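Structural description and commentary
Chain by chain, the residues run as shown.
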Amino acid sequence: MQSLADTIVAAATPPGTGGVGIVRISGPDAEGIARRMLGSLPEPRYASFRNFKNEEGEDLDTGLALYFPAPTSFTGESVLELHGHGGPLVMAMLVDAAISLGARRAQPGEFSQRAFLNGKLDLSQAEAIADLINAGTSQAARAALRSLSGEFSKAVNTLAELLTRLRLHVEAAIDFPEEEIDFLSDELLKKRLDECADAFALLQDEARQGRVLRDGFRVVIVGRPNAGKSSLLNLLSGQDAAIVTEIAGTTRDVLREQIDIDGLAVELVDTAGLRENPDRVEAEGIRRAREALRSADAVLWIQDATETEHGVIDEPLPDGTKITIVRNKIDLPGAKREPAAVNISAKTGEGLDALRQRIRDLAGYENLSEGAFTARSRHVNALERAAIHFRTGTTALEEANAGELLAEELRLAQRALGAITGEVSSDDLLGRIFSEFCIGK
Ligand SMILES: Nc1nc2c(ncn2[C@@H]2O[C@H](COP(=O)(O)OP(=O)(O)OP(=O)(O)O)[C@@H](O)[C@H]2O)c(=O)[nH]1
Ligand SMILES: [Mg+2]
């Protein structure tokens, strides 16, 4: 991690030409640089029209200067913003001038990282900045804004507080045992355990939804050759995207199509048919199909309803990924429908609405409420880890009256939650998160 003693500078507006280009400077030298580049320090938080000069006092540009003294700025440090004319050369000259006056070039995401390190934002809020900037749909943008304003963090902190209260309750009982403690007859403890279990279930559900909002929902279509996978991709996407023939083993690559199911962004992935003894090209296609399965949110297992042999899907799937059986070709004589499956014909389009509905259900899209926020896989996984500790602890209590074990698991659960907001974090994690940002953010 870089030192906070440095003053950093970067263009905050994208490269290229524009009406206005903004250079941002943050750190202890921002004040001194402002005096040199502007002649004097502007009144804090008021826009003042100035000439921007280099260290030799030559004019580089004119525009609005804004000065935010520490700690009331985005980064929590003294910040100078120069709103100049938006040309790549002008921006480069302003940045160079700041560098010759003691600043250094900022790394990607370094302004946001400083905001985090100075306690202006927690980690999930900082991530929400990047998610807002990169949002692909207006729904995702609204949800990211909600995360940025701290709604997700608040939900995580509320859960953490419930866990704390529960832990204190258990620890108090352990510390002052007048007699053998029977945790199981403690009604208040039971109530608090239930409360935590409910809060976990709700937040995990919301976080999964939030991840779908941010990343879209990935549906991977697999099955034996000729089952009709590519026909289904074409039907759902309304395009002739994939080649369809009666030859088994037509698809050898992984094909991806973005579709929109009533506002839900879905990435459909068509794959090579799974079978034994493929040729070399097809074998590579099957390897890629298996790889696609490992990142699936949902799997559609296409089965030819006129056949009895459907192969097996033995690839390990991500946690929570469900396999839906889709019986295809029900327009053909002799086709066997199955009540538990979605029965369709990729040829006539029969059953397509039911399949769309099923995909929405799998994504939990129906209850995507107004209050949705964005979340990342990192958050979903941390919540899952926390939930596992909580469940392990609960089981230890129920089966062995083991209060100490519950208290310990609760502590670990809290730690896992802390990773979401950045209470516990490593330099490595921070580096990875902030390097995904653009420079100047
Ligand atoms: N009658 C009927 N034929 C279908 C249906 N769906 C697909 N087919 C036919 O089945 C054959 C195989 O279809 P594809 O979509 O290429 O099947 P696939 O699963 O992608 O096959 P591979 O790429 O080889 O693994 C083609 O001749 C399609 O026209 C259906 O619902 N009804
Ligand atoms: Mg195909």
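Refer to the preceding data block for the structure.
The structure presented is a predicted model; accordingly, all values stated were derived computationally and were not measured. Counting from 1, residues in each chain are numbered in the order their sequence is written. Each chain gets a letter, beginning with A, and each ligand a number, beginning with 1, in the order they are written. Local features in this predicted model are restricted to residues of pLDDT 70 or higher, and side-chain atom pairs are both shown and tallied only at a pLDDT of 80 or more, whereas totals for entire chains, interfaces and linings draw on every residue.

Some thoughts on the overall build of the protein
Only DSSP runs of H or I with at least four residues qualify as helices, and only runs of E with at least two residues qualify as strands; both kinds are numbered from the N terminus onward. Of regular secondary structure, the protein possesses 13 helices and twelve strands. In this treatment the radius of gyration is a C-alpha quantity, and the globule benchmark scales as 2.2 Å times the residue count to the 0.38 power. Expected size for 441 residues packed as a compact globule is a radius of gyration near 22 Å; at 28 Å, the protein overshoots this value by more than 25%. In terms of overall dimensions, the protein has a C-alpha envelope of 85 × 75 × 40 Å along the principal axes. Within the protein, contacts between residues at least 6 apart in sequence are counted, and of these 64% link residues at least 24 apart. By the convention adopted here, residues make contact when the C-beta atoms placed from their backbones lie within 7 Å.

As for the sheet that holds strand β9 (residues 264-270)
Sheet strands associate in pairs through backbone hydrogen bonding, adopting either a parallel or an antiparallel arrangement. Pairing is mixed in the open sheet, where six strands are placed in the order β8-β9-β7-β10-β11-β12. Each edge of the open sheet is held by one strand with a lone partner, namely β8 (255-261) and β12 (342-343). Here, strands pair whenever DSSP counts at least two bridges between them. Sheet analysis places strand β10 (residues 298-304) next to strand β11 (residues 322-328), joined by seven bridges and oriented parallel. Bridging across to β11, aspartate 304 finds its partner in asparagine 328. Between N-to-C directions, angles cover 0 to 180 degrees, with each direction set by a line fitted to C-alpha atoms, over the stretch in contact for helices. Along the sheet face, helix α9 (residues 280-293) touches β7 (217-223), β9 and β10 and points at about 140° away from the line of β7. The strands that helix α10 (residues 352-362) touches are β7, β8, β9, β10, β11 and β12; relative to β11, the one it contacts most, it runs at about 180°.

Details of the site of ligand 1
In the vicinity of ligand 1, 24 residues are found, and the nearest of them are Gly228, Ser230, Ser231, Thr251 and Gly273. By residue number, the principal contributor to the shell around ligand 1 is helix α8 (residues 229-237), which donates three residues. Residue classes follow a fixed rule: Ala, Val, Leu, Ile, Met, Phe, Trp, Tyr, Cys and Pro count as nonpolar, while Asp, Glu, Lys and Arg count as charged, and any other residue, Gly among them, counts as polar. The class makeup of the residues in the shell around ligand 1 is seven nonpolar, twelve polar and five charged. What makes a residue near a molecule or strand is its C-beta atom, placed from the backbone, lying within 6 Å of it.

Let's talk about the sheet that holds strand β3 (residues 48-53)
Pairing is mixed across the open sheet formed by six strands, whose spatial order is β3-β4-β5-β2-β1-β6. Looking at which strands have only one partner, the edges of the open sheet turn out to be β3 and β6 (104-105). Across six bridges, β3 lies against strand β4 (residues 59-68) in antiparallel orientation. Paired with phenylalanine 49 across the bridge in β4 is leucine 64. Strands in contact with helix α2 (residues 88-100) are β1 (8-11), β2 (18-26), β3, β4, β5 (79-86) and β6; relative to β2, the strand with the most contacts, it is inclined by about 15°.

Some details on unusual backbone geometry
In the segment running from alanine 70 into proline 71, the intervening peptide bond is cis, with an omega of 5°. Positionally, proline 71 belongs in the loop between β4 and β5. Positive phi values are uncommon outside glycine, yet asparagine 226 reaches one of about 75°. Relative to the elements of secondary structure, asparagine 226 occurs in the loop between β7 and α8.

Details of helix α11 (residues 377-400)
In a regular helix each residue adds 1.5 Å, so 24 residues correspond to 34 Å; α11 covers 34 Å between its end C-alpha atoms and thus fits that length. Contacts from the buried residues of α11 go to α4 (123-134), α7 (187-215) and α12 (403-421). Just past α11, the residue asparagine 401 takes up positive phi, approximately 55°. Expected helix span is given by 1.5 Å per residue-to-residue step, counting one fewer step than there are residues.

Describing the pairing of β2
Relative to β2, β1 runs antiparallel, the two sharing four bridges. Following the sheet pairing, alanine 11 is matched in β2 by valine 23. A loop of six residues connects β1 with β2, the two strands running antiparallel in sequence, and glycine 16 in this loop sits at a positive phi of about 115°. Across eight bridges, β2 lies against β5 in antiparallel orientation. The residue bridging glycine 18 from the neighbouring strand is glycine 86, located in β5.

Purely geometric numbers; function is a separate question.
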